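Listed below, chain by chain, are the residues.
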Amino acid sequence: MGTYHLAADYPLLNIFWTMLELFLWILWIFLLFKIITDVFRSHDLSGWGKAGWLILVILLPLIGVLAYLIARGDSMHKRDLTQAQQTEAAVRAYIRDAATSDGGPEGGGTGGGGASRSHVDDLAALADLKSRGLISDEEYQRAKDKLLV
């Protein structure tokens, strides 16, 4: 008797189709969670508006997601951009505060604190130049190594 091959019952085109369906399903789930978090993050919607969007997205998922993207997609992008800018500003402020507080009182006098603050300012200026694309990664690394030595 011959051996039975399970792979022969599922052609290659069906495998590709299944992979596409799985990819689209995962993409839709990510989009659904993104929309739900955006509904709760939105300050211009009332409580009833948020509840309405959530009910629409949960009860009629495909239509609700598409309707939300059409109606509020632009403001969704603006909220994402604002949140990213606020997060970046908070991180920079935290790093600047942590760097100056570590070098200040424990620096061994007024000379040590002033020198470490100038290094912090120089490093911040270098990071700013790199983030604006005015210097390359190699130039940034060389300048940083010079400052830290």
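Notes on the structure follow. Quick caveat, the model's predicted, so the values are computed rather than measured. (Residues numbered from 1 in each chain as written. Predicted model: local features only at pLDDT ≥ 70, side-chain atom pairs only at ≥ 80, totals over all residues. Heavy atoms only, no water.)

## Considering the environment of Leu-54
Here Leu-54 shows up in helix α2 (residues 47-59). Separated by 19 residues in sequence, Leu-54 and Ile-35 place their C-alpha atoms 9.0 Å apart. Leu-54 has contacts with Ile-36, Val-39 and Phe-40, leaving out every residue within four places of it along the chain. (Helix = DSSP H or I, 4+ residues; strand = E, 2+ residues; numbered from the N terminus. Contact = heavy atoms within 4.5 Å.)

## Some thoughts on the pattern of salt bridges
Within the structure shown, the criterion is met by ten salt bridges. One salt bridge connects Asp-38 with Arg-79, and the closest N-O pair in it is separated by 2.6 Å. Of this pair, Asp-38 sits in helix α1 (residues 12-41) while Arg-79 sits in helix α3 (residues 61-103), and the two are 41 residues apart along the sequence. In this structure, the salt-bridge partner of Lys-78 is Asp-74, at a minimum N-O distance of 3.5 Å. (Salt bridge = Lys/Arg side-chain N within 4 Å of Asp/Glu carboxyl O.)

## A look at the packing of α1 against α2
As a packed pair, α1 and α2 sit with axes 9 Å apart at the nearest point and diverge in direction by 170°. Taken together, the axes of α1 and α2 lie roughly antiparallel to each other. Considering how the two elements wind past one another, α1 and α2 form a crossing that is left-handed. Residues Leu-32, Ile-35, Ile-36, Val-39 and Phe-40 of α1 form the contact with α2, whose participating residues are Lys-50, Trp-53, Leu-54 and Val-57. (Axes fitted to C-alpha atoms, helices over the stretch in contact; angles between N-to-C directions. Parallel < 35°, antiparallel > 145°, perpendicular 65-115°, else oblique. Left-handed = near helix turned anticlockwise from the far one by under 90°.)

Remember, this is a structural readout, not a statement about activity or role.
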